Amino acid sequence: MIARLRSAARAAFHMERGMMVRPVAAVLCVAFLCVPVTKSLADDVPPTPPLHDIINSELAPPSGPGWPQASDAEFLRRISLDLNGMPPSADESRAFLNDADPAKREKLIDRLLASPLYARHMATTLDVMLMERRPNTHVPQDEWQAWLLKSVRDNKPWNVLARELMTADGDSPESRAAARFCLDRNAEPHVVTRDLGRIFFGRDMQCNQCHDSPIVSDFLQRDYHGLLAIASASYLVKKKVGDKEVTFLAERSPTDLSFESVFDKGNTHRTVARIPGMPSFTEPVLNPGEDYAIAPADGVRSVPKFSRRMMMAELATNGSNRAFNENIANRLWAMMLGRGLVHPLDMMHPDNPAASPKLLKQLGERFASSGFDMKQFLREIALSDVYQRPFDLSDDAVNHLPAAKLVHQSLVTEQDKIEVLARDAASQSSDADNTFSAAEVAMIPVAAETDAVRTQLVDAQKKVDDAQKALNDATATFNSRKTFAETLQQAVEPLNLASAALPENSELAATAKALAERSQKSMAEVPALEKAVAEKTAAVAPLNEALLTTRAAFDGARQKLQPLLETVRNEEAKVVAARAAMQEAQFAATSAKSRLLALERIAAAGEKKIAVDSTVEQTASYEASVLAANKEMTEYMPVVAARTTDMQTAEQAMTSATAAVSTAQEQVSRYRNASVTLDEAATALKKAQAALPGDEAMVSSVNTLLAKSNAAKESLKASEASLVSASQMSSAATGQMKAAQTALAEANVELKRRQDLVTQSNAALMQARESLSTARASYESAMETIPTDLSANFALSQLKPLTPEQMCWTVFKVTTVYDRYVATEAAELEKTAPLTDEQKNDAAALAARAAEIEQRVYDKLKGNIASYVQIYGGAPGQPQNDFYASPDQALFTSNGSAINSWVVPAGDNAAERIVKATDPRVAAEELYLGLLTRQPSEQEVAEVTAFLAARQDRSKAAQELAWGLVSSAEFRFNK
């Protein structure tokens with residue numbers, strides 16, 4: 001409901017680091033050149049950099065400096081879970097988050113490593129790694145756990161602990177717990193062989209029991225049988241200890257193993273004991289019957305004069321075995337970072353390269369040189385930038401991705417050289433294998449002959465031993481019977497004398513008689529027994545002669561075999577060296593290839609990010625252009641409107657002027673016509689007047705016509721003047737009209753230009769947006785693998801599920817159940833065994849008291865672990881580092897009465913603090929700090945506020961909120 005749900009797993013992709021490695025060699029060279037010549041050579045050697053600096057250098061992100069760091073909250077929860085197996089309390093979280101000390105992370109790491117919880121969590125981690133939650137068949141869990149706990153508290157070096165596991169026989173109290181590794185695997189040779197390879201050397205060679213691996217070219221049948229030759233020497237023996245039957249380990253005298261591949265029947269191979277990465281053991285030559293310090297017998301732990309288990313332990317743990325060193329370094333790395341540099345942890349081979357082969361090698365070397373100090377090694381990992389990187393790919397980190405292109409280009413130039421070296425090394429390894437195979441072929445028939453003679457020698461020795469035993473038994477019987485008969489004979493004479501002296505004592509006489517008869521009978525048996533001794537003595541001699549003959553034949557066969565064995569051993573040493581060189585070269589080649597592919601994806605994603613950013617800028621530019629074009633068009637619209645108005649005004653003026661001209665023309669025409677008509681009428685009247693002189697009416701009409709004609713002429717003049725004026729006005733209106741038309745046309749052209757610009761800008765914007773959408777889709781597609789690529793290279797932190805044990809203790813911690821038990825036990829001890837003032841000032845005494853309190857709390861609460869292991873753990877005897885989700889887990893969280901009871905408001909837990917908080921923001925902070933070790937987001941504060949406001953029962957609401965976070969995906973992971 002409230003918690004951020006996150007993905008439970010990421011795809012496993014093996015990629016070597018993508019980064020720019022600091023030129024360490026150049027730095028060392030410069031340092032050397034700067035040292036005064038008066039210093040000794042020892043002074044010239046620069047100090048070895050801290051391991052966390054080496055880690056940072058080898059796993060620098062592909063962007064160079066500036067890569068983001070995990071937040072304080074993310075780091076706090078992660079480191080607390082990794083080193084103490086449980087998160088901090090809300091108050092501890094608040095104090096750390098508010099602490100401004102720049103060294104607070106380092107101080108926190110040291111504080112967690114000094115806590116008794118570190119020893120408990122580390123012991124549990126080793127338990128799961130070594131025994132994979134197998135049932136306790138022969139060694140009780142408490143005894144085993146106590147041994148691991150003491151080992152961690154004493155900071156026992158890993159190689160010492162591993163040596164004890166490899167060599168313990170369980171026949172003494174000191175070795176009983178360590179013997180569990182073999183005892184609870186029932187010393188089954190193939191089970192022990194597989195787990196020795198997986199757990200101590202990082203190689204799961206299960207399928208190599210029958211053949212070379214068809215999938216992993218580096219997993220060979222001879223490697224498997226080399227370990228099997230060690231494991232098969234051990235077997236279980238039972239004996240009575242008091243009223244109990246106790247099982248312990250015994251060991252046989254070593255023998256060679258012969259094997260053949262199911263794919264190559266008839267081609268026999270032979271091996272003595274050997275461990276990965278090393279030649280076969282050089283074992284002493286012991287004759288049959290001379291190879292045991294304590295010979296096998298019922299209820300007896302046989303002890304050979306030469307122990308392959310002891311030899312394996314020495315060669316594996318003395319710091320010289322690279323596979324052993326790098327395996328544990330890789331496993332401790334995975335404990336802290338969620339996955340190994342090589343992952344899966346038991347698949348260390350060139351086809352599955354480390355994220356950084358160089359770093360893995362350095363980790364193995366530095367861990368061994370530190371004396372296999374696990375605590376110091378974990379501290380250095382925790383101090384590294386690599387460990388403290390964030391889980392999420394932030395925008396700031398994304399902005400650094402384009403820099404991967406430079407790293408990619410630099411690696412491309414090296415790739416061909418690396419691959420050439422790998423091919424050459426593979427060729428040399430193949431040649432060495434061929435030479436070794438030829439030597440083995442020559443040796444095997446001679447070895448078979450030697451085995452046959454050895455069998456004859458063992459048989460001859462057995463016949464001699466049997467005959468000698470029969471002789472010894474016959475001699476003992478003869479001596480015993482003869483001594484008995486002589487003793488009886490010596491007693492008969494004094495007893496007869498006594499009987500003669502006491503004739504009345506019939507009982508004494510009867511006894512003397514019986515003793516005499518018995519003496520005679522015993523003396524009669526002696527010759528036959530003496531004869532049997534002579535016969536058996538005679539039988540031993542030819543058997544001894546046959547034994548000597550067979551021994552001579554065996555010595556001869558062995559002498560014949562010895563140079564062939566030496567040749568095989570010499571060639572095998574070359575094979576081991578060539579194979580190691582090939583492995584290193586192939587590791588580099590496959591790692592570089594994997595890294596190149598990842599860098600190509602990262603660089604491509606970075607370029608696509610640049611393309612997106614560029615397209616965003618272009619789109620923004622086009623958006624600005626559209627706005628500007630629209631603005632210009634909008635701003636020009638009044639000009640067009642004004643010119644349209646001017647055009648309309650000019651049209652109206654033109655219309656008026658045209659009407660005025662038309663009217664004036666009509667008037668001129670009318671007055672001209674009237675004037676002509678009147679003139680014609682006046683002329684006609686004048687003619688009539690001339691014909692009728694004196695006619696006054698005529699004269700008056702003429703005068704009237706003349707007057708009207710003159711008036712018409714005047715009107716004509718006026719009309720003509722008006723026509724001229726109207727024509728002038730019309731001409732002016734025509735000019736205005738043309739000017740308005742021109743101006744309007746120009747305005748329309750400009751408007752059209754601006755409208756076209758808007759259209760073009762919109763089209764360009766649409767295309768830019770389409771390009772942006774395409775670029776974003778391409779970028780998002782390219783980014784799908786980038787978090788996986790970056791996390792595989794440890795540029796991002798892994799999402800790591802809590803183990804069942806961490807889940808159990810984390811629930812106890814966040815519900816304050818654990819702290820309440822601590823307070824109770826501390827108070828009880830203070831009452832029954834209070835510390836003195838001197839002890840209160842003694843760090844060792846305080847540490848011992850803290851460890852005692854932790855043990856008492858553990859003993860009270862450990863019964864709950866089984867439920868979590870059953871629900872969240874893997875199958876017994878299987879690797880326990882895989883995450884899976886199941887309905888049972890959901891049902892357990894949802895319906896488990898224990899969890900529901902633990903989140904009830906009580907003991908100052910988060911639920912109780914929510915109830916007491918009057919401010920919803922404070923309630924949200926207590927909830928998230930208490931259960932997830934971080935401050936809530938604003939959205940989460942709002943959700944908590946709304947949730948509390950909607951419910952009347954605040955106590956019930958607080959319980960539901962706490963349960964919601966405990967059952968969330970975020971709670972189950974180290975995020």
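Please refer to the structure placed before this passage.
Cut-offs applied
Residues numbered from 1 in each chain as written. Predicted model: local features only at pLDDT ≥ 70, side-chain atom pairs only at ≥ 80, totals over all residues. Heavy atoms only, no water. Core = buried A, V, L, I, M, F, W, Y, C linked by side-chain atoms within 4.5 Å. Buried < 20%, exposed > 50% of the residue type's maximum accessible area, 1.4 Å probe, protein only. Contact = heavy atoms within 4.5 Å. Axes fitted to C-alpha atoms, helices over the stretch in contact; angles between N-to-C directions. Helix = DSSP H or I, 4+ residues; strand = E, 2+ residues; numbered from the N terminus. Left-handed = near helix turned anticlockwise from the far one by under 90°. Nonpolar A, V, L, I, M, F, W, Y, C, P; charged D, E, K, R; others polar. Parallel < 35°, antiparallel > 145°, perpendicular 65-115°, else oblique. 1 Å grid on protein atoms, 1.4 Å probe; cavity = no way out; pocket = protein on both sides within 12 Å on 5 of 7 lines; lining within 4 Å. Points joined across faces, edges and corners; volume = space filled by probe spheres on them.

Caption draft 1: Molecular detail of the nonpolar core. Counting 93 residues, the largest nonpolar core has Leu-130, Trp-158, Phe-200 and Trp-333 as its most contacted members. Setting aside its immediate chain neighbours within four residues, Trp-158 contacts Leu-126, Met-129, Leu-130, Phe-200, Phe-324, Ile-328, Phe-367, Phe-372 and Met-374. Tyr-858, Leu-861, Ala-924 and Ala-962 belong to the second largest nonpolar core, which has 46 residues in total.

Caption draft 2: Quick look at the packing of helix 31 (residues 920-932) against helix 33 (residues 954-966). Running from N to C, helix 31 and helix 33 point in directions that differ by 35°, and their axes come no closer than 10 Å. Crossing angle aside, the handedness with which helix 31 passes helix 33 is right-handed. Each of Ala-923, Leu-927, Tyr-928, Leu-931 and Leu-932 in helix 31 lies in contact with helix 33, whose residues at this interface are Arg-954, Leu-961, Ala-962, Leu-965 and Val-966. In the contact of helix 31 with helix 33, the residues fall into nine nonpolar, no polar and one charged.

Caption draft 3: Inspection of the packing of helix 7 (residues 116-131) against helix 8 (residues 141-153) at higher detail. For the pair helix 7 and helix 8, the least separation of the axes is 8 Å and the interaxial angle reads 120°. The pairing of helix 7 with helix 8 is recorded here as oblique in orientation. Seen from above, helix 7 lies across helix 8 with right-handed handedness. Only Gln-141, Trp-144, Gln-145, Leu-148, Leu-149, Val-152 and Arg-153 of helix 8 make contact with helix 7, whose side of the interface consists of Tyr-118, Ala-119, Arg-120, Met-122, Ala-123, Thr-124, Leu-126, Asp-127, Leu-130 and Met-131.

Caption draft 4: Examining the layout of surface pockets more closely. Empty space within the largest pocket amounts to approximately 1300 Å³. Lining the largest pocket are 50 residues, and of these Gly-338, His-343, Gln-880, Asn-881 and Asp-882 lie nearest its centre. Residue assignment for the lining of the largest pocket shows that the elements contributing at least two residues are helix 7, helix 12 (189-201), helix 15 (322-337), helix 22 (786-792) and helix 23 (804-814). Top contributing element to the lining of the largest pocket by residue count: helix 7, with seven residues. Residues that form the lining of the largest pocket fall into these classes: 24 nonpolar, 14 polar and twelve charged.

Caption draft 5: Looking closely at the side chain of Ser-709. Mapped onto the secondary structure, Ser-709 falls in helix 21 (residues 696-783). Excluding residues within four positions of it along the chain, Ser-709 makes contact with Ser-675, Leu-678 and Asp-679.

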